[in-house]
Amino acid sequence: NPTACLYFAVDHDERLWGYAEHYEREKTVAENAELIKNLDPSFDGLTYIDPSCFAKTQHTGARISSIADEYRENGIHCLSPYSSDGKMREGLGINLVKKRFTQNSVFLHAGCVNSIREILALKWRRLKSGNENQSDPEVPIDRNNHTTDCLRYACAVRPPASAKPKEKQWEEYIRERSREIRG
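Residues numbered from 1 in each chain as written. Predicted model: local features only at pLDDT ≥ 70, side-chain atom pairs only at ≥ 80, totals over all residues. Heavy atoms only, no water.

S.K.: Tell me about the pattern of salt bridges, and name the residues and values.
M.R.: All chains considered together, the criterion is met by 7 salt bridges. Close ionic contact of Lys56 with Asp69 constitutes a salt bridge, the shortest N to O distance being 2.7 Å. Here the residue Lys56 occupies a position in the loop between strand S3 (47-48) and strand S4 (58-60), and Asp69 occupies one in helix H2 (residues 67-73), the gap between them amounting to 13 residues. Take Asp69: its relative accessible area is 10%, and that puts it in the buried class. Two residues, Arg152 and Asp149, come together in a salt bridge whose shortest N-O distance is 2.6 Å. Of this pair, Arg152 and Asp149 are both found in helix H5 (residues 146-157), 3 residues apart, which corresponds to roughly one turn of the helix. Pair check on accessibility: Arg152 and Asp149 agree, each one buried. A single salt-bridge network, built from bridges that share partners, covers Asp11, Asp13 and Arg15. (Salt bridge = Lys/Arg side-chain N within 4 Å of Asp/Glu carboxyl O. Helix = DSSP H or I, 4+ residues; strand = E, 2+ residues; numbered from the N terminus. Buried < 20%, exposed > 50% of the residue type's maximum accessible area, 1.4 Å probe, protein only.)

S.K.: Break down the nonpolar core for me, with residues and values.
M.R.: Counting 16 residues, the largest nonpolar core has Tyr7, Tyr19, Ile36, Tyr71 and Ile76 as the members making the most contacts within it. Within the residue set of this core, elements represented by two or more residues are strand S1 (3-10), strand S2 (16-24), helix H1 (29-39) and helix H6 (169-182). Not counting residues within four places of it along the chain, the set of residues in contact with Ile76 comprises Ala33, Ile36, Lys37, Thr47 and Tyr71. In terms of nonpolar packing, the next biggest core, distinct from the first, is built from 12 residues, Ala4, Phe8, Val10 and Ala154 among them. (Core = buried A, V, L, I, M, F, W, Y, C linked by side-chain atoms within 4.5 Å. Contact = heavy atoms within 4.5 Å.)

S.K.: So what's going on with helix H4 (residues 113-121)? Residues and values would help.
M.R.: Listing the buried residues of H4 in full gives Asn114, Ser115 and Glu118. Buried residues along H4 cover an arc of 100° about the axis, so they all sit on one side. Looking at the packing, one finds that the buried side of H4 touches S1, S2, strand S7 (106-108) and H5. (Arc of directions from axis to C-beta.)

S.K.: If you had to explain unusual backbone geometry to someone new, which residues and values would you point to?
M.R.: Note: most peptide bonds trans; most residues except glycine with negative phi. Positioned with a positive phi, Glu14 is a non-glycine residue whose angle comes to about 65°. As for its position among the elements, Glu14 is in the loop between S1 and S2. Overall, Glu14 belongs to the partly exposed group, its relative accessible area being 36%. One non-glycine residue, Glu26, lies in positive phi territory at about 55°. With respect to the secondary-structure elements, Glu26 resides in the loop between S2 and H1. Since its relative accessible area comes to 82%, Glu26 is described here as exposed.

S.K.: Describe the pairing of S2, and please don't skip the residues or the numbers.
M.R.: In summary, the side chains of a regular strand alternate between the two faces of the sheet. In terms of burial, S2 is a largely internal element, 8 of the 9 residues being buried. From the end of S1 to the start of S2, which pair antiparallel, there are 5 residues, and Glu14 there has a positive phi angle of about 65°. Here S2 pairs with S7 via 3 bridges, running parallel. The partner of Trp17 across the bridge, within S7, is Phe107. (Pairing = 2+ DSSP bridges.)

S.K.: Describe in detail H1, supporting the description with residues and values.
M.R.: The set of residues buried in H1 consists of Val29, Asn32, Ala33 and Ile36. Seen end-on, H1 carries its buried residues on one side only, within an arc spanning 100°. At its buried positions, H1 is contacted by S1, S2 and H2.

Following this line, the structure appears as structure tokens:
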């Protein structure tokens, strides 16, 4: 499984702007953390991570830790996008993403190629024959959905809007940051 990290900015109208992504396979937490920090060194926002990363499943000698602990030790302090009980129906998060797309309040930069690819390739589980109850939730197939999970977390946390910029300032900022990040 790859490690995926999306960078979002929030404008004064609470629109989410995905402006960069990290998507790497077969890297350690330390390697991913360094790449993530270097992708946008001026990033000073919040980092949300899959809630499963808080499980104490990593063994280093006698020490037991979580993936979130390892990221913290490597300079990235992660938060869970969900409440303290760790529960959020996947369908609720998907509905939040759908709502943002239909309201034109989430955008991805063309350079976020893995995010765009995963969104376009998202497939839904078929309900079992005879179980086509209209109230049954639609559930995506749990495959190639790493960036779509990031998008779901970004929509779930409802980040605060920024101060309203002067005319055209926001669009120019996004273009400038995208150029800087991509070199």
